[in-house]
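Tertiary structure, described
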Amino acid sequence: MLAYAVALLIIVGIYTLLTISLDLQYGFTGLVNFGQVGFFAIGGYTSALLALHGVPIPFCFVAAIVLTALAALPIGALALRLREDYFAIVTLGFSEVVRLVLQNEEWLTKGSLGLPGIPRPFLSLGPGLAEVAYLLLVIGCNVVVVLLIRRLVASPFGRLLQAIRDNEVTVVSLGKSPPGAKVRALVLGAGIAGLAGALYVHYITFAVPDQFLPIITFYVWMAMVLGGVGSLRGSVAGAAVLVLILEGTRFLRDFLPGALAVEMASVRLALVGLLLIVFVLYRPQGIFGNRARQ
């Protein structure tokens, strides 16, 4: 039971990083990113491929962050020219392009066969301690990221991002440059998502394109909405609630004998959607959101 709880907390930590990343882009800047899973996949595969070629894991994590951030630059350049609805479509298409590249470039990614045997750190400590050590690593990454984003949000640059989110026209009239700030927010958020991808594949020790479907982006958006848009505490709470829902509904089959796995998957999605509708109706600002700003 303890091992299961530790595993859940690790997944919560990874989803928290993804939610913070999206919250920086949308909650604080107003960028509608529907391609979050694409950055997640780039970070995961970058770290996995390097680790399988003998690169030390810390360097793999750094490379995942840097390469994912660089991959966001051309998407950011499009953000300078597109309205937010078109930008959302572009990011969604970007994530699917990433998945298809991972699926078809078998010489690099082994396609649908995946990448098995991805090294996980701390295994020398033994099964129990290795899990706890990995949890501490994930928590440490979350603490660093939260402190970084809190400092950024409180800085003049952070206030510029929030002003862009609230009224971009006013920001332009004051002589500021929204496009450059948007690109930086997108790149920084992508780097955080890349770190989450690296942590994920090294924990699972296996990477396959089907792990990076668009529904992951939907889950991250749901976590952000549940926790509260533009709230770091909300990102943590929303990710925790999301993982508890997804894991808790796995046990529904015990109460519905004879139900097929495919049917239960549909029931789980229906319950997740129902919860989201309830939150939107009765608490649209989320758990820690600011009602006055909604």
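Each value, and the rule that gives it
Residues numbered from 1 in each chain as written. Predicted model: local features only at pLDDT ≥ 70, side-chain atom pairs only at ≥ 80, totals over all residues. Heavy atoms only, no water. Salt bridge = Lys/Arg side-chain N within 4 Å of Asp/Glu carboxyl O. Helix = DSSP H or I, 4+ residues; strand = E, 2+ residues; numbered from the N terminus. Buried < 20%, exposed > 50% of the residue type's maximum accessible area, 1.4 Å probe, protein only. Expected span 1.5 Å × (residues − 1). Disulfide = S-S within 2.5 Å. Core = buried A, V, L, I, M, F, W, Y, C linked by side-chain atoms within 4.5 Å. Contact = heavy atoms within 4.5 Å. Arc of directions from axis to C-beta. Patch = residues over 30% accessible without salt bridge, like charges linked within 9 Å, V, L, I, M, F, W, Y side chains within 5 Å. Areas by Shrake-Rupley, 256 points an atom, 1.4 Å probe, with all protein chains shown as cover. Phe/Tyr/Trp six-rings, centres within 6.5 Å; stacked < 30°, edge-to-face > 60°.

Below, the discussion takes up the pattern of salt bridges. According to the stated counting rule, one finds four salt bridges in the structure shown. With its nearest N and O atoms 3.0 Å apart, the salt bridge here joins E96 to R99. Placement of both E96 and R99 in helix α4 (residues 84-104) is noted, with a separation of three residues, approximately one turn of the helix. Given the relative accessible area of 24%, E96 is considered partly exposed. According to the relative accessible area criterion, R99 is buried, its value standing at 16%. When the shortest N-O distance is used, the salt bridge between R165 and D166 registers 2.9 Å.

Turning next to helix α6 (residues 127-154). Here α6 contains 28 residues, and its C-alpha end-to-end distance of 41 Å stays within 8% of the 40 Å for a straight helix at 1.5 Å per residue. Within α6 the residues assigned to the buried category are A130, E131, A133, Y134, L135, V138, C141, N142, V145, I149, L152 and V153.

Looking now at the state of the cysteines. Cysteine pairs can be linked by a disulfide, which is a covalent bond between their two sulfur atoms. Applying the stated criterion to the full structure yields zero disulfides. Counting only cysteine sulfurs, C141 is the nearest neighbor of C60, a cysteine outside any disulfide, at a range of 14 Å. The class of C60 is buried, set by a relative accessible area of 0%.

So, on to the nonpolar core. Within soluble globular proteins, side chains that are nonpolar generally end up buried alongside one another. In terms of nonpolar packing, the biggest core is built from 82 residues, with I10, Y15, L17, F40, I149 and L199 touching the most fellow members. For this core, the leading source of residues is helix α9 (residues 178-204), giving 15 residues. With residues near it in sequence (within four places) discarded, I149 still touches I20, L24, L188, I192 and L232.

Position of P116 relative to the elements: it lies in strand β1 (residues 115-116). The class of P116 is partly exposed, set by a relative accessible area of 47%. With 40 residues separating them along the chain, P116 and P156 place their C-alpha atoms 45 Å apart. When residues no more than four places from it in sequence are discounted, the contact partners of P116 are L52, T205 and F206.

It is worth spelling out α4 at this point. Given a rise of 1.5 Å per residue, 21 residues ought to cover 30 Å, and the 30 Å separating the end C-alpha atoms of α4 matches this to within 8%. Every buried residue of α4 is listed here: F87, A88, T91, F94, S95, V98, R99 and L102. One face of α4 carries all of its buried residues, which in axial projection span an arc of 125°. Opposite the buried face of α4, at more than 90 degrees from it, the exposed residues are I89 and N104.

Below, the discussion takes up a nonpolar patch on the surface. Residues V267, L271, L274, I277, V278, L281 and Y282 make up a contiguous nonpolar surface patch of roughly 670 Å² in combined accessible area. Positionally, L271 belongs in helix α12 (residues 261-282).

The full count for this structure, using the stated rule, is nine aromatic pairs. Ring centres of Y200 and F212 lie 6.4 Å apart, and the angle between their planes is 75°; on these two criteria the pair is classed as edge-to-face. Placement of Y200 in helix α9 and of F212 in the loop between β2 (206-207) and α10 (214-227) is noted, with a sequence separation of 12 residues between them. Using a relative accessible area of 2% as the deciding quantity, one classes F212 as buried. For the pair F218 and Y219, a centre-to-centre distance of 5.9 Å together with 45° between the ring planes defines the contact as tilted. A relative accessible area of 36% means that F218 is categorised as partly exposed.

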